[in-house]
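Spelled out, the chains give:
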Amino acid sequence: MRKQKSAAKIVFLVLGMIAFFLLAALLVCYFLTASYYGKHFFPGTELNGISVGKMTVEEAEKKVAQEVADYLFVIETRDGEKYQITGPDIDYAYVPGKEIHDILESQANYQWITKRSGKKEMSLKVAAVFDEQKLAEQVGSLKCFQTDYVTKPKNAYIKETASGYEIVPAVEGNQLKLSKVQQLAKEAVLAGKEKLVLTDKEYKRPDVTSDDADLNKAIENINSYLNTTIKYDVGDNGEVLDKTRIKDWIALQDDYSVTFDESQVTGYVQYLASKYNTYGSKRKFKTSLGSTVEIGGGDYGWVIDKEKEKSQILAEIRSGKTVEREPAFTQTAAVKSNTNDVGDTYIEIDYTNQHMYYYVKGQLKLESDVVTGNVSQKNGSPDGLYKIVYKERDATLIGENYESDVAYFMVFAYNVGFHDASWRNEFGKEIYKTSGSHGCINMPQEAAKKLYGMLELNTPVVAYYREPVELTAENARISNAYSYVDESAAGQGNGNARVQTGEGQQGGEPVEGQQ
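Residues numbered from 1 in each chain as written. Predicted model: local features only at pLDDT ≥ 70, side-chain atom pairs only at ≥ 80, totals over all residues. Heavy atoms only, no water.

Enquirer: Could you give an account of the overall build of the protein, with specific residues and numbers?
Expert: When its secondary structure is counted, the protein shows 14 helices and 28 strands. Taking 2.2 N^0.38 as the reference for a compact globule, 515 residues should give roughly 24 Å; the C-alpha atoms of the protein span a radius of gyration of 55 Å, well beyond that estimate. Based on the C-alpha atoms only, the size of the protein along its principal axes is roughly 205 × 50 × 35 Å. For the protein, the residues scored as buried account for 43% of the 515 residues in total. Taking contacts inside the protein between residues at least 6 apart in sequence as the whole, the part at least 24 apart equals 66%. Accessible area of the protein: about 27,900 Å², with a carbon and sulfur share of 49%. In the protein, which carries 60 positive and 73 negative side-chain charges, the distance between the mean positions of the two groups comes to 15 Å. (Helix = DSSP H or I, 4+ residues; strand = E, 2+ residues; numbered from the N terminus. Rg over C-alpha atoms; globule rule 2.2 N^0.38 Å. Buried < 20%, exposed > 50% of the residue type's maximum accessible area, 1.4 Å probe, protein only. Contact = heavy atoms within 4.5 Å. Areas by Shrake-Rupley, 256 points an atom, 1.4 Å probe, with all protein chains shown as cover. Lys, Arg positive; Asp, Glu negative; His and termini not counted. Charge placed at Lys NZ, Arg CZ, Asp CG, Glu CD.)

Have a look at this one:
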């Protein structure tokens, strides 16, 4: 019995010793492993996605450095295009610090039994250096900054079309702000980011878009101006001014205010004057004897007031309305025609045949022989187209060496007019060549009386010679006579010194002292 107790005691003692040694072995293993994880990261540890499990600080730093050396930076445009810049391109390099060591220190190595399994993601603030200048150059060399790739933004603008004007939309383009992108890239790389996504803020934009208030106000004004139509009651067939001409006058300023090229408006008014002014123009005139003569000069005819007409055109364009009117005239004629403005009520003086005719609405109301200016004494009566300026009863005509009383005086050219000549016994024939008047149209008393009673002011007077004459008297010069010759110019050897203001031209205008 005593032997059995002794054997059991020995067994128990052996088992106890075994247990002690096992526990001691486990403790040694625990502390050795804890010591190991004091210098190594737990399995499954990642630093910024870099697996460093079971690595020492030095090994982890080496791996992080390798990963940093393989750094890839991506710039993505708003269109989804991606451009890569590698670490070597910009001398990107890891700078070791205490952070990996501190992370290892804080990993609670004595809890290795529970901590050694599973994934442990740790955030590591990587300190790195790179060449900022090289980064800026790499960004600048990207395709999205190259000239043949870049479409610059374009402002919306107003364009002339066949039907008027319209706004051409702005072009957004794809031009990036280089300095802005370089700055953002620098900030992203400094922060260790691997991607930079560009937004509209990094792109240059047009300064003016289709919804610009000033631009839309300008197009509104322009199209309003183009709605203007001026229908002129002028000449034989009239004239129309509309957008086909007006569109060329419009000038859009830098601030989108709309003005007009006034030189072109002036040019248009001159065109009207050239086409419809009949003052001084040559005309074909069918005489009472059936022949046709050509006569110009004088002071009769249409004359457009160019300054007033220009101002009125500009005002009417700004109104944007349709207007029907005559041009602004400083002088008018009997008929709205640029080919026959004399009409069918007029006085005709045939100087060569010394005869006058008075027609009213095409009907001959009076005719008479006359005696006109003495051509041998250089007092030939002025030829040309005139009009009756005024009528006077019982006038006294005073000249340098004469004074004559007349009962009826009807003036048409400067101081030249029709009047009775009681001192004459005969009229007509060739009296005027040697014994004519000082320039006036002498008529028999009864004929002058009848004419005075019928004649209205502004009645056209067509006076002509059938053969060439040279008129040199002052009244011929002042009245713009068709056959006036400047003797002083002729004496200087100027060739044909004959002065015929407006001869052969449409659009003549009166000059001072000739009205």
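Once you've had a look at it, read on.
Enquirer: Could you give an account of the sheet that holds strand 26 (residues 416-420), naming the residues involved and the relevant values?
Expert: Strand order in the open sheet formed by 4 strands is 24-25-26-27, and the pairing between neighbours is mixed. Either end of the sheet is taken by a strand with one partner, and the two such strands are strand 24 (390-398) and strand 27 (441-443). Across this sheet, the average inter-strand angle for adjacent strands is 35°, counted without regard to direction. Relative to strand 27, strand 26 runs parallel, the two being bridged by 3 bridges. Residue pairing for strand 27: His419 is matched across the bridge by Asn442. (Pairing = 2+ DSSP bridges. Axes fitted to C-alpha atoms, helices over the stretch in contact; angles between N-to-C directions.)

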